[in-house]
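Spelled out from the first residue to the last, the chains are:
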Amino acid sequence: MHSRPEGIDLAARSRARRRALQALYAWQMSGSSMKSVIDQFRHEQDMEVADLEYFEDLLRGVEQHVPELDEALKPYIDREVEQIDPIERAALRLAAYELKHRPDVPYRVIINEAIEVTKRFGADHGHSYVNGVLDKLAAHVRGAEKQG
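A brief structural summary. (Residues numbered from 1 in each chain as written. Predicted model: local features only at pLDDT ≥ 70, side-chain atom pairs only at ≥ 80, totals over all residues. Heavy atoms only, no water.)

**A closer look at the nonpolar core**
Formed by 46 residues in total, the largest nonpolar core has its most connected members in Leu24, Phe55, Leu59, Leu92, Leu134 and Leu137. Only helix H1 (10–30), helix H2 (34–42), helix H3 (52–73), helix H4 (86–101), helix H5 (107–121) and helix H6 (126–141) provide two or more residues apiece to this core. In contact with Leu59, not counting residues within four places along its chain, are Ala20, Ala23, Leu24, Met34 and Ile38. (Core = buried A, V, L, I, M, F, W, Y, C linked by side-chain atoms within 4.5 Å. Buried < 20%, exposed > 50% of the residue type's maximum accessible area, 1.4 Å probe, protein only. Helix = DSSP H or I, 4+ residues; strand = E, 2+ residues; numbered from the N terminus. Contact = heavy atoms within 4.5 Å.)

In structure tokens:
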């Protein structure tokens, strides 16, 4: 079992991921700059109870690495990334970013959080799709951790 790093509020991180999913969805749908989407979300009240630094890291990280993240997902999806439901696409990109660029976060946490946000905001069986894709990606990206 991984011990929790000092000073990390896991509930605030969960809220940050939920808000990041919504912000990423807005970014994908609007074509606005990520900066304006972050600014818009930052001004919303419940951002005060989320981990704002983590929220911004997720969004900037996804924006910066979209081609790499989509390429990493490609072997495990059954259609073009752009054809995936926008909520599921946002969840997959967020989780792919965390799997590849946030080794401080256990892969199980990343996958569970992605499933939860997809259940909450996505289509009926979207979470099953997200789970299948991320499980395969985690085996590839975090193989050593997954076997440990």
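Still more ground to cover, so stick around.
**Observations concerning the pattern of salt bridges**
According to the stated counting rule, one finds 16 salt bridges in the structure shown. Taking the shortest distance from any N to any O, the salt bridge between Arg60 and Glu56 comes out at 2.8 Å. Here Glu56 and Arg60 lie together in helix H3, a separation of four residues that amounts to about one turn. Here Glu68 and Lys100 are joined by a salt bridge, their closest N and O atoms 3.8 Å apart. Here Lys100 lies in helix H4 and Glu68 lies in helix H3, a separation of 32 residues in the sequence. (Salt bridge = Lys/Arg side-chain N within 4 Å of Asp/Glu carboxyl O.)

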